[in-house]
Amino acid sequence: MRIVVFAILLASCSHPAPDHYRPTFAMAATAKHELIFGAPSLAYYETTDLLIKYLNAHLDTVHIRTVACTSVEDYEDRLRKGFFDFTAINGPQLVIAGQHGYTIVGRIADDYRALILANKDSAIHTFADCRDKTIALTGNRILAGSLMPLMFLREQGVDVNNHLKRLYSPSYESVLLDVCLGKCALGAVWTTSWENFQRKRPDLASRLAVKWTTPSLPSTAVLFRKDVNPGLIKTIASLLFNLHKDEKGRQALQRVGIGRFEPADSTTYRPVKEFLRKSDSLIH
């Protein structure tokens, strides 16, 4: 299943940079009104660049500028301050956005799953084999990067709080490299991240095997700050929902790693919020 790196998923964040360093990315200067799209990490700029260029080419009155955050904490802080005009995210950060003036208008149409991988020559064959091993994750508050795989393993009888060590890596690719290099026995990544890794590093990917796949949840949401012009929100949402009908739009979707966007609202994400309430009480 193809799911986006767009999002999400908070997952592939790098270490915080000094306070004075605030990376932003934009096309050539323009007299149009500026709209800020918030990317959860620097890695998201490359995958969403073509998508943002497509939107800019079809907008007459505004120009979208991507602001890429340096860490999950940086991203969450900007959400709380209402810095972004719109963004795409899931998991705990989705809840934060909803509490600070953002509303859901759409989502990635594919559902969200996490994969748990190991080296093909690994001695891990059953859930019991995971005891006292190390698993690489992308952060302690990332939906597909940590919460979904940990909850899945717990439900299969693994004591993830006391008998599973956690190694936090800055990105999904780093997680897979850590597994390849033997720094950990297991690694958890988003399905799209694994597909991208297979394309970019087939030599290393050939050494890994998917051991387990988690149940699905609704995938990354597209959110706008509530004070953004409703007509503009409708225009951008329409462009997103029809990307798959246009050749250049399909190319942009392919770069991100998804099939299409579709309308959504807060009710779409009730399963995610219920999952988070459960994981907050069980994962320490």
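Computed from a predicted model, the values in this text were never measured in an experiment.

Mapped onto the elements, Phe241 comes out in helix H8 (residues 230-241). When the C-alpha atoms of Phe241 and Arg107 are compared, they prove to be 9.2 Å apart, with 134 residues separating the residues in sequence.

Another aspect to go through is the packing of aromatic side chains. Inspection of every chain in the model, using the stated rule, returns nine aromatic pairs. Taken together, the ring pairs in this structure connect Phe37, Phe86 and Phe224 into an aromatic cluster. The residue whose ring lies beneath Arg78 is Phe83, and the NZ or CZ to ring-centre distance is 4.5 Å.

Here we come to the sheet that holds strand S10 (residues 208-213). Here five strands make up an open sheet; going across it, the order is S8-S7-S9-S6-S10 and the pairing mixed. Each having just a single partner strand, strand S8 (164-168) and S10 make up the two edges of the open sheet. Direction aside, the axes of adjacent strands within the sheet are offset by 30° on average. Pairing of strand S7 (residues 133-137) with S8, which is carried by five bridges, proceeds in the parallel orientation. The partner of Thr134 across the bridge, within S8, is Lys165.

By the criterion of burial, strand S5 (residues 102-108) is predominantly enclosed, with six of the seven residues buried. In this structure, S5 lies alongside strand S11 (residues 221-225), joined through five bridges in antiparallel fashion. Across the sheet, residue Arg107 finds its bridge partner in S11, namely Ala221. Alignment of S5 against strand S12 (residues 261-263), held across three bridges, turns out to be antiparallel.

Our next topic: the environment of Leu42. If you trace the backbone, Leu42 turns up in the loop between strand S2 (33-39) and helix H1 (43-57). Judged by its relative accessible area of 31%, Leu42 falls in the partly exposed class. Once the C-alpha coordinates of Leu42 and Thr70 are considered, the two residues, 28 residues apart in sequence, prove to be 6.3 Å apart.

As a further point, take helix H10 (residues 270-282). The end-to-end C-alpha separation of H10 is 19 Å, in line with the 18 Å expected for 13 residues at 1.5 Å each. Against helix H3 (92-99) and helix H4 (143-155) lie the buried residues of H10.

Think of two packed helices as two axes; the pair is described by the angle between the axes and how far apart they sit. Contact geometry for H4 and H10: axes closest at 11 Å, N-to-C directions at 65°. Regarding the angle of H4 to H10, the classification is roughly perpendicular. Crossing angle aside, the handedness with which H4 passes H10 is left-handed. Taken together, the residues of H10 that come into contact with H4 (itself represented by Leu143, Leu147, Met148, Met151, Arg154 and Glu155) are Val272, Phe275, Leu276, Lys278, Ser279 and Leu282. Class assignment for the residues of the contact of H4 with H10 results in eight nonpolar, one polar and three charged.

What follows deals with the pattern of salt bridges. Overall, the coordinates contain 16 salt bridges when judged by the stated rule. For the salt bridge of Arg78 with Asp74, the shortest nitrogen-to-oxygen distance reads 3.1 Å. Pair noted here: Arg78 and Asp74 are both in helix H2 (residues 72-81), with a separation of four residues, about one helical turn. Taking the relative accessible area as the measure of exposure, Asp74 reaches 7% and is therefore buried.

Turning our eyes to something else, we now look at unusual backbone geometry. Even without being a glycine, Asp132 presents a positive backbone phi close to 65°. Considering the arrangement of structural elements, one finds Asp132 in the loop between strand S6 (114-119) and S7.

If you look at the biggest cluster of nonpolar residues, it comprises 93 residues, and the most contacted ones within it are Leu55, Leu153, Trp194, Leu240 and Phe261. For this core, the element with the most residues is H4, which contributes eight residues. In this structure, Leu55 is in contact with Ile64, Ile236, Leu239 and Leu240, ignoring residues within four places of it in sequence.

Cut-off values and rules
- All residue numbers refer to positions counted from 1 along the written sequence of the respective chain.
- Thresholds applied to this predicted model are a pLDDT of at least 70 for local features of residues and 80 or more for the giving and counting of side-chain atom pairs; totals over whole chains, interfaces and linings are not thresholded and use all residues.
- Computation of side-chain values covers all heavy atoms of the structure but excludes hydrogens and water.
- Numbering of helices and strands starts at the N terminus; helices are DSSP runs of H or I of at least 4 residues and strands are runs of E of at least 2.
- The rule is short: rings of Phe, Tyr and Trp, with Trp giving its six-membered ring, pair when the centres are within 6.5 Å, and they are stacked under 30 degrees, edge-to-face over 60, tilted in between.
- We call a charge positioned over a ring when the NZ of a Lys or the CZ of an Arg lies within 6 Å of the ring centre and within 35 degrees of the ring normal.
- When DSSP locates at least two bridges between a pair of strands, those strands are taken to pair.
- For helices, the axis comes from a line fit to the C-alpha atoms of the stretch in contact; other axes are also lines fit to C-alpha atoms, and the angle between any two N-to-C directions lies between 0 and 180 degrees.
- The buried label applies to any residue whose accessible area, calculated with a 1.4 Å probe on protein chains only, is under 20% of its type's maximum; exposed applies above 50%, and partly exposed to all values in between.
- Working rule for helices: expected span equals 1.5 Å times residues minus one.
- Whether two residues touch is decided by their heavy atoms; if any such pair falls within 4.5 Å, the residues are in contact.
- Any angle that is under 35 degrees is reported as roughly parallel, and any over 145 degrees as roughly antiparallel; angles of 65 to 115 degrees are reported as roughly perpendicular and all others as oblique.
- The hand of a helix crossing depends on one turn: near helix anticlockwise from the far one by less than a right angle means left-handed, and clockwise means right-handed.
- Charged means Asp, Glu, Lys or Arg here, nonpolar means Ala, Val, Leu, Ile, Met, Phe, Trp, Tyr, Cys or Pro, and polar covers whatever is left, Gly included.
- Salt bridge criterion: a side-chain nitrogen from Lys or Arg within 4 Å of a carboxyl oxygen from Asp or Glu.
- What makes a nonpolar core is a set of buried Ala, Val, Leu, Ile, Met, Phe, Trp, Tyr and Cys residues whose side-chain atoms join them at distances within 4.5 Å.

This is a description of form; function is not addressed.
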